[in-house]
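Breakdown of the fold
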Amino acid sequence: MFAQELVLKQRTEILHALCSSGSAERLERVLDLLLAQGELVWEEYQNIQVPGRALYTNARHLLDLVYTKGVDTCEIFLTALKKVVPEEQGAALSSSGGCLDLEKKGACQSTATQTLLIRRPSLIGKLQDCIDGALEALTVSGNFTSEDCDDIRLPIHTPSQQARCLLDHVRSVGESAAKVVLHYIQQQGSGASLTQEQLTPPKELLKYQKKLSSSVSAQSCFLSTYGGTSHMSLDDIYTEGQLELAHDCPDTHGPLGLEHIIGAVGTVNEEADAVLVSGEAGCGKSTLLQRLHLLWARGAAFQHFLLLFPFSCRRLNSEHRELSVQELLFQHCCWPDRKQEEIFQFILDHPHLILFTFDGLDELKQSFSDEHRLCCPTQRAPVHILLFNLIQGSLMKGVWKVVSSRPDVVGPLLRKHLRKEVFLKGFSPSGIHCFVKKHHSDPTVAAKVLESLQTNTALLGLCHSPVLCWIVSQCHKELLGCGEGSLQTITDIYMMILQHFLQRRSTLENTMGLGWLQEHLKTVLNLGQLAFDGIGTTCYIFSCTDLKTCGVTEKDICMGFLIQSKDMSSANSKHYEFLHVTMQCFFAALYIVLSSNTERATILKLFELQEVRETSQRGKCFGACLRNDQQEQTQGTETSAAERPNLQITATFVSGLLSHRHRSLWIHCCLSDMIEKKIKQVSRCLSKGMQKHFKSIPPPVAGEKKSMHAMPGFVWLIKCIYEMQESRIAKDAISKLDVDHLKLTYCNIGPVECTALAYVLQHLRNPVGLQLDNNSVGDVGVEQLLPCMHICNSLYLRNNNITDQGISKLIAKVIRCENFKKIALFNNNLTDACTQHFSLLLKTKQDFLSLRLGNNNITAEGAKQLAEGLEVNHSLKFLGLWGNKIGDAGAEAMARALENSQSLTWFSLVGNGVGNAGACALANIIKNSSSLEELWLTENCITKTGVESLVQALEHNTHVKSIWLRNNDLSSEEEEEMTKRESRLVF
Ligand code: ADP
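Since the model is a prediction, treat every value here as computed from it, not as a measurement.

**Overview of the overall build of the chain**
Across its full length, the chain carries 52 helices and 22 strands. A buried classification covers 56% of the 987 residues belonging to the chain. By sequence separation, contacts in the chain at least 24 residues apart represent 77% of the contacts at least 6 residues apart. Only carbon and sulfur atoms are counted for the fraction: they give 51% of the accessible area of the chain, which is about 40500 Å².

Here it is as structure tokens:
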């Protein structure tokens, strides 16, 4: 029978089912469902729900309306009815077997108001337990008045009616209120909201959860990489990496913990569900996710998620079927033994209790795009389309997604769908210590490794990258046997591990000479070709056929560079991957250097990469070039965002392998002519690459300095030059740079990059201002920069995690550098322990111009130390101490020191807790100094008395242009009065 007939025929029974309890709840729940399904428009809903009218009358109105709307609406109505009435009553009613697919429709919403409507049934359930909190959020945000709240809280309303009332009211206020509610609910979801919701998951789900967590735990308890070489338990080796928000966030100070990945901190887009963990290759992204998985599976953290589904993009690349979300979850993570549909429905109904993680988005063959929209979780699609839709929230809105990727492949298209981005910076100096100690159970070995790292700061810098730290620790015997300073570059380190692995398997008694490579050349070339082809085709997992094509034998596999990919292998088909993606790049580079089969154009294209990638058309040429022709014909040429970083790493290794440090090895393995040609080619490419950057520098604006803002790729070229370790090339490449200011802000510059920068920049012909704001330089990086300080006239290191230790080394060097005149260290970790060094700098350098130490932890003690230097310095023009804690005592000491200054023109003590005593002392500078033009005292606690003394001092001074006094302790009348007396005061 048609649904329409059923509605008519069962009218009495339906009315009874809806109204016999005397409560309006069932009718209201049906209305909620119909609204959410789009079967009722808002006005219709209001026409049915007339306050004060009898419940039966309302219900009759609904039946009439539903009937007139036709068969589809009637079908949905009957299904909704069955959902809300008790089972026995529902069983007595006939329905036509329709189904409600809330998520399907819900996924295409575009505004918060729409989302509220579509998610109305579940939101009412959630809101009724936290109505007060939601009302507070709405009041605080200015969307609701207290009268609105009173209306909603009326005692005649049941909790669910209060929730409905709230939603109806929010609708009338508009989009901003809707956003507040959604955000509030989401926060509740990310907190310990399980108990708030008093949710009792179905038994089947709990069984599934148990199965899933035991599988996740099994997968994550051992370090996932190096499967073939170490069985290290994650608990034994895991060392906290440095995690930071990618965006400036005023509320957060210091490093983040793993729990902050999920928490509210640093949220930039509240509508988005995806959090990005970004970081360079080997910085520990996979390991961090693995830790997160393990903690969840063990019940030690992230327990507000009932289910966690971990995915590896590398593995997803090999999924060629079209799948639905349900199939993706169950087939790729964990198969429910029973009731798949019920479990999946639970996931759809409770998105905020579910977490997906996607490791290595950069390894996915396809670049992120939001062209193919998909809303329905049961619809099949290629896996990358599913993934992109999950990330952007078209699918499974509300499910938390944590995605890891290298930063360079994350474009604006993806960024706009991110809730927040956290940046993983590798190990801190203490992290390196901790890791080495964990890695070596014998404490004397650990101590020796650490000692040798301390003597080689270039190597120590490299160890900030966890993967390199692992390699260095792994090869400790070679490391300890090395003469001081012999390991300098990343290539050196990978060469060390190559030697370590090959010698381990050597058949020769003694391979200490150069023969070790010759003995294993075939293996290196076979693995090299596999790696090279893989890099060209974005392939990181290899089948036995791939291995065979490149001639990789069992013996080659036994060397330990390839490990079996466990999840991908079955009894009759094994799959392999390299220990780490950087190892694949290294082997690809070895192949490019050693093989006579690679085309001449390979190197050219590798180094012209930056430019080539700019147009996709040419990108295709490059892909084709890296592959051999045969593959090209059979596989087509799909370009991928994943290519670039790996090709850049490969190019860096090619440069390193061609450096004179390793040339003696190649002589035994291939024709020296060929190597010479390749060296020339690479040198030329590097030099040309740099020239291209220099040519792009715009001419200076009149009156301003000529400035170069580094483009992506500049730091990479610098690193390649460093790997070559030939000062002639560095000199050639940089000597033509003619700028006054080099800007490298937000360029992911850590200690490794600092080493390379200093190596190249020291050859600059003219002094520059070096701006490295907002990077991860740290103390080790500062030390790495020292070799180029003589060519720096100013150094900007805002927001770089620098401590007093770094400053002590920096000042010891720059004090002897003639050109060095300005330093800016805003927002680092400086304390009073650094001020003695600045004091010495000021005493020694009588041409020093600018010292800016804002937003650090300098107190009165530090200010007093600084004052000693200020007293004898006659050159300083700019002094910035914004956002420290020097107080009155500090201000008095500085004022005494600067009283007769004839150089200082600009002085800031904004936000330093300075009161009247400080202001009176500062008035003396105004009285006596002949140079001061601007004094910044905003955000202090000066009252009218303090300002009086400043005004009196100004009477005798004509140089001062302004004194900034906003946000001090004066009433607006007092401010007005003072401004009338002295127009140079700014309130
Ligand atoms: P990414 O995913 O960023 O490329 P991985 O997580 O694969 O980096 O890390 C590479 C290697 O570095 C790991 O196999 C491990 O040996 C080491 N490593 C990374 N992070 C950590 C950590 N937090 N604690 C201990 N070792 C780590």
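**Section: the pairing of strand β7 (residues 400–405)**
As a general feature of sheets, a regular strand has side chains that alternate between the two faces. The buried fraction of β7 amounts to 6 of the 6 residues, a majority that puts the element mostly inside the structure. Of the two faces of β7, the one lined by W400, V402 and S404 and the one lined by K401, V403 and S405 are each fully buried. Strand direction decides the pairing type here: strand β2 (residues 274–278) and β7, joined by 5 bridges, are parallel. Along β7, the bridge assignment pairs V275 with V402. When strand β5 (residues 354–359) meets β7, the two strands line up parallel, connected through 4 bridges. Each bridged residue has a counterpart across the sheet, and for F358 the counterpart in β7 is V403.

**A look at the environment of C333**
With respect to the element layout, C333 can be found in the loop between α20 (325–332) and α21 (340–349). Assessed through its relative accessible area of 13%, C333 is described here as buried. For the pair C333 and V216, spaced 117 residues apart in the sequence, the C-alpha separation amounts to 8.4 Å. Apart from the residues within four sequence positions on either side, C333 is in contact with L212, S215, F309, P310, F311 and L328.

**Overview of the sheet that holds strand β10 (residues 562–564)**
Overall, antiparallel pairing links the 3 strands, which are arranged β9-β11-β10 in an open sheet. Each of the sheet's edge strands pairs with one partner strand only, and the pair in question is β9 (542–543) and β10. Across 2 bridges, the pairing between β9 and strand β11 (residues 575–578) is antiparallel. Note on β11: the bridge partner recorded for F542 is Y576.

**Notes on the packing of aromatic side chains**
This structure, assessed with the given rule, holds 26 aromatic pairs. Measuring from centroid to centroid gives 5.1 Å for F311 and F358, while their planes differ by 15°, and the two rings are stacked. Of this pair, F311 sits in strand β3 (residues 307–312) while F358 sits in strand β5, and the two are 47 residues apart along the sequence. The same class applies to F311 as to F358, namely buried. Centre to centre, the rings of F607 and W716 are 6.2 Å apart; their planes meet at 20°, and the pair counts as stacked. Taken as a pair, F607 in helix α35 (residues 600–607) and W716 in helix α42 (residues 714–724) lie far apart in primary sequence, 109 residues in all. Residue W716 is classed as buried on the basis of its relative accessible area, which comes to 8%. Through a chain of ring-to-ring contacts, three or more aromatic side chains come together here, namely Y208, F309, F311, F330, W335, F344, F356 and F358. In this structure, R171 is placed above the aromatic ring of W42, and the distance from its NZ or CZ to the ring centre is 4.3 Å. In this structure, R852 packs its charged tip against the face of W906, placed 4.8 Å from the ring centre.

**Quick notes on the pattern of salt bridges**
If you walk through the whole model with that rule in mind, you get 37 salt bridges. Here E342 and K339 are joined by a salt bridge, their closest N and O atoms 3.9 Å apart. With a relative accessible area of 38%, E342 lands in the partly exposed category. E948 is the partner of R981 in a salt bridge, and the nearest nitrogen-oxygen pair spans 3.1 Å. Of this pair, R981 sits in helix α52 (residues 972–981) while E948 sits in helix α51 (residues 944–955), and the two are 33 residues apart along the sequence. Looking at E948, the relative accessible area reads 21%, which means it is partly exposed. The network of salt bridges with shared partners includes E25, E28, D32, R120, R164 and D168.

**Thoughts on unusual backbone geometry**
Apart from glycine, the bulk of residues carry a negative phi angle, and the bulk of peptide bonds sit in the trans form. The backbone of Y746 sits at a positive phi, close to 50°, despite the residue not being glycine. With respect to the helices and strands, the residue Y746 is situated in the loop between β13 (741–743) and α44 (751–761). Of the residues examined, Y746 reaches a relative accessible area of 53% and is grouped as exposed. Not every positive phi belongs to a glycine, and N748 is a case in point at roughly 55°. The exposure class assigned to N748 is partly exposed, which follows from its relative accessible area of 30%.

**Considering a positive patch on the surface**
Residues R600, K677, K680, R684 and K688 make up a contiguous surface patch of positive charge. A total of 4 residues in the positive patch trace back to one element, the largest contributor, which is helix α41 (residues 672–695). Along the chain, K680 falls in helix α41. Residue K680 is classed as exposed on the basis of its relative accessible area, which comes to 54%.

**Comments concerning the side chain of Q725**
Its location among the elements puts Q725 in the loop between α42 and α43 (727–734). What Q725 contacts, discounting residues up to four positions off in sequence, is T489, H660, R661 and Y759.

**Some thoughts on the sheet that holds β3**
Spatially, β1-β8-β2-β7-β5-β3 is the arrangement adopted by the 6 strands of the open sheet, whose pairing is mixed. If you trace the sheet from one side to the other, it starts and ends with β1 (243–245) and β3, each paired once. Taking each pair of neighbouring strands and ignoring which way they run, the sheet shows an average axis angle of 20°.

**Side note on the confidence of the model for the chain**
Per-residue confidence for the chain averages 85 on the pLDDT scale, and 90% of its residues sit at or above 70. In this model, residues 191–198 is a region of pLDDT below 50 whose contacts with residues beyond four sequence positions or in other chains number 14 contacts. Counted against residues more than four places away or in other chains, residues 610–642, with its pLDDT under 50, gives 61 contacts.

**Remarks on helix α10 (residues 120–127)**
Think of an α-helix as turning once every 3.6 residues; residues three or four places apart then point the same way. Here α10 has its buried residues at R120, L123, I124, K126 and L127. The buried side chains of α10 occupy one side of the element, clustering within an arc of 165° when seen end-on.

**Here's the deal with the packing of helix α2 (residues 11–19) against helix α5 (residues 55–69)**
Direction vectors running N to C along α2 and α5 enclose 130°, while the axes themselves pass 10 Å from each other. When the interaxial angle is binned, α2 and α5 end up oblique. The chirality of how α2 crosses α5 is right-handed. When α2 is examined against α5, the residues R11, I14, L15, H16, L18 and C19 are found in contact with a partner set consisting of L55, Y56, A59, R60, L63 and D64. Across the contact of α2 with α5, the residue classes break down as 8 nonpolar, 1 polar and 3 charged.

**Quick word on the pairing of strand β15 (residues 792–796)**
In the sheet, strand β14 (residues 768–771) pairs with β15 via 4 bridges, with the strands oriented parallel. Each bridged residue has a counterpart across the sheet, and for L770 the counterpart in β15 is L795. For the crossover that starts at β14, traverses helix α45 (residues 778–785) and ends in the parallel β15, the hand is right-handed. One ladder, built from 3 bridges, connects β15 with strand β16 (residues 822–824); its direction is parallel. Pairing of Y796 across the sheet is with A824, part of β16.

Calculation notes
- Residues numbered from 1 in each chain as written.
- Predicted model: local features only at pLDDT ≥ 70, side-chain atom pairs only at ≥ 80, totals over all residues.
- Heavy atoms only, no water.
- Helix = DSSP H or I, 4+ residues; strand = E, 2+ residues; numbered from the N terminus.
- Buried < 20%, exposed > 50% of the residue type's maximum accessible area, 1.4 Å probe, protein only.
- Contact = heavy atoms within 4.5 Å.
- Areas by Shrake-Rupley, 256 points an atom, 1.4 Å probe, with all protein chains shown as cover.
- Pairing = 2+ DSSP bridges.
- Phe/Tyr/Trp six-rings, centres within 6.5 Å; stacked < 30°, edge-to-face > 60°.
- Lys NZ or Arg CZ within 6 Å of the ring centre and 35° of its normal.
- Salt bridge = Lys/Arg side-chain N within 4 Å of Asp/Glu carboxyl O.
- Patch = residues over 30% accessible without salt bridge, like charges linked within 9 Å, V, L, I, M, F, W, Y side chains within 5 Å.
- Lys, Arg positive; Asp, Glu negative; His and termini not counted.
- Charge placed at Lys NZ, Arg CZ, Asp CG, Glu CD.
- Axes fitted to C-alpha atoms, helices over the stretch in contact; angles between N-to-C directions.
- pLDDT = per-residue confidence, 0-100.
- Arc of directions from axis to C-beta.
- Parallel < 35°, antiparallel > 145°, perpendicular 65-115°, else oblique.
- Left-handed = near helix turned anticlockwise from the far one by under 90°.
- Nonpolar A, V, L, I, M, F, W, Y, C, P; charged D, E, K, R; others polar.
- Right-handed = clockwise from strand over helix to strand, strands pointing away.

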